[in-house]
Amino acid sequence: MEWHPHSRIFPLLEESALQELADDIRENGLRSPIVIDDDNQILDGRNRQAACQMAGITPVYETFIGSESDKFAYVASLNLHRRHLNENQRAKIAAEVANTRNGRPKTGSTDPVSTADAAKALNVSKASVKRSRKVKQDGTAELQAALDNNEMSLSAAAKVADKPADEQRRIVEEVQASPKKKREPRPFDPDKAADRLCEWLHSQLDRWPEDHRHTAADWIRQALVDRDL
């Protein structure tokens, strides 16, 4: 079974983690079905598919119907729940998706994922996506690495990308040589944190097609169980 291009955006598990998933599936069964599109391409569940094969378990599939933008929003929403991605990382993924014409349905549609849809799915602004694309297209390898390592902000890196390559490298060297400022931790307010968490969960669930929201709710419940909450 082929992988949908959107599913390739996020990396696979390392071998040891994949073996743990296979052992869990062998013992407890497949907790969540593998999601495919109407062309039988895997949208979500590459790791579960591989783990099922390792465990000798026949996978269960669920079909997602929607446009390319819907598919990308679905995949992005799932992975934002699973991974801790900062703004730079999210903008970079959105720029890669909005910049490609891959992943269209086999029916011949010419409607790729727009910058606006990619930005919305990854919870970043369109300006951040454009800045990330700017750094990728015009930035030196050193500038891109500094951004990836959180040594520079996205807005600063995009401005530096307008400069000649030698000047970009000089600026990066100066940034790396400058002492890092320590930020004082903000006091934690559990009530505000709980309100923000609930608002965010509701906003993410509302972005899913109604007939797939139960899948998101199941993952949330499973995450709480895994943490003994």
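Calculation criteria
Residues numbered from 1 in each chain as written. Predicted model: local features only at pLDDT ≥ 70, side-chain atom pairs only at ≥ 80, totals over all residues. Heavy atoms only, no water. Helix = DSSP H or I, 4+ residues; strand = E, 2+ residues; numbered from the N terminus. Buried < 20%, exposed > 50% of the residue type's maximum accessible area, 1.4 Å probe, protein only. Areas by Shrake-Rupley, 256 points an atom, 1.4 Å probe, with all protein chains shown as cover. Contact = heavy atoms within 4.5 Å. Arc of directions from axis to C-beta. Axes fitted to C-alpha atoms, helices over the stretch in contact; angles between N-to-C directions. Parallel < 35°, antiparallel > 145°, perpendicular 65-115°, else oblique. Phe/Tyr/Trp six-rings, centres within 6.5 Å; stacked < 30°, edge-to-face > 60°. Lys NZ or Arg CZ within 6 Å of the ring centre and 35° of its normal. pLDDT = per-residue confidence, 0-100. Patch = residues over 30% accessible without salt bridge, like charges linked within 9 Å, V, L, I, M, F, W, Y side chains within 5 Å. Salt bridge = Lys/Arg side-chain N within 4 Å of Asp/Glu carboxyl O. Lys, Arg positive; Asp, Glu negative; His and termini not counted. Charge placed at Lys NZ, Arg CZ, Asp CG, Glu CD.

### Some remarks on the overall build of the protein
Assigned secondary structure in the protein consists of eleven helices and three strands. Secondary structure elements of the protein occur, N-terminal to C-terminal, as α-β-β-α-β-α-α-α-α-α-α-α-α-α. Buried residues in the protein amount to 35% of all 229 residues. By element, 49% of the accessible surface of the protein is carried by carbon and sulfur atoms, the whole surface being about 14,100 Å².

### Points about the side chain of Arg46
Along the chain, Arg46 turns up in helix α2 (residues 46-55). Apart from residues no more than four positions distant in its own chain, Arg46 is found in contact with Trp3, Ser7, Arg8, Phe10, Pro11 and Leu12.

### Here we look at helix α7 (residues 141-148)
The α-helix winds at 3.6 residues per turn, so residues separated by three or four positions along the chain end up facing the same way. For α7, every residue scored as buried is listed here: Leu143, Ala146 and Leu147. The buried residues of α7 occupy an angular sector of 100° when projected down its axis, which confines them to one face. Those residues of α7 hidden inside the fold are in contact with α4 (87-98), α6 (126-138), α8 (154-160) and α9 (165-177). Downstream of α7 by a residue or two, Asn150 has a phi angle that is positive, lying close to 60°.

### Looking at the packing of α4 against α6
Where α4 meets α6, the closest approach of the two axes is 8 Å, and the angle between their N-to-C directions is 80°. Classified by the angle between their axes, α4 and α6 sit roughly perpendicular to one another. Facing Glu87, Ala91, Lys92, Ala94, Ala95, Glu96 and Ala98 of α4, the residues of α6 in contact are Ser128, Val129, Ser132, Arg133 and Lys136.

### Observations regarding the packing of aromatic side chains
In the structure shown here, the tally under the stated rule is one aromatic pair. Positioned above the aromatic ring of Trp3 is the side chain of Arg46, whose terminal nitrogen or guanidinium carbon lies 4.8 Å from the ring centre.

### Details of the side chain of Ser69
Of note, Ser69 is situated in helix α3 (residues 68-82). What makes Ser69 buried here is its relative accessible area of 15%. If we ignore the near neighbours within four places in the chain, the residues touching Ser69 are Val113, Ser114 and Asp117.

### A look at the confidence of the model for the protein
Summary statistics for the protein give a mean pLDDT of 83 and a share of 88% for residues scoring 70 or more. Per-residue pLDDT stays below 50 along residues 102-110; that stretch engages in 13 contacts with residues further than four places along the chain or on separate chains.

### Brief notes about a negative patch on the surface
Residues Asp189, Asp191, Asp195 and Glu199 make up a contiguous surface patch of negative charge. Relative to the assigned elements, Asp189 resides in the loop between α9 and α10 (190-206). Overall, the relative accessible area of 33% leaves Asp189 in the partly exposed class.

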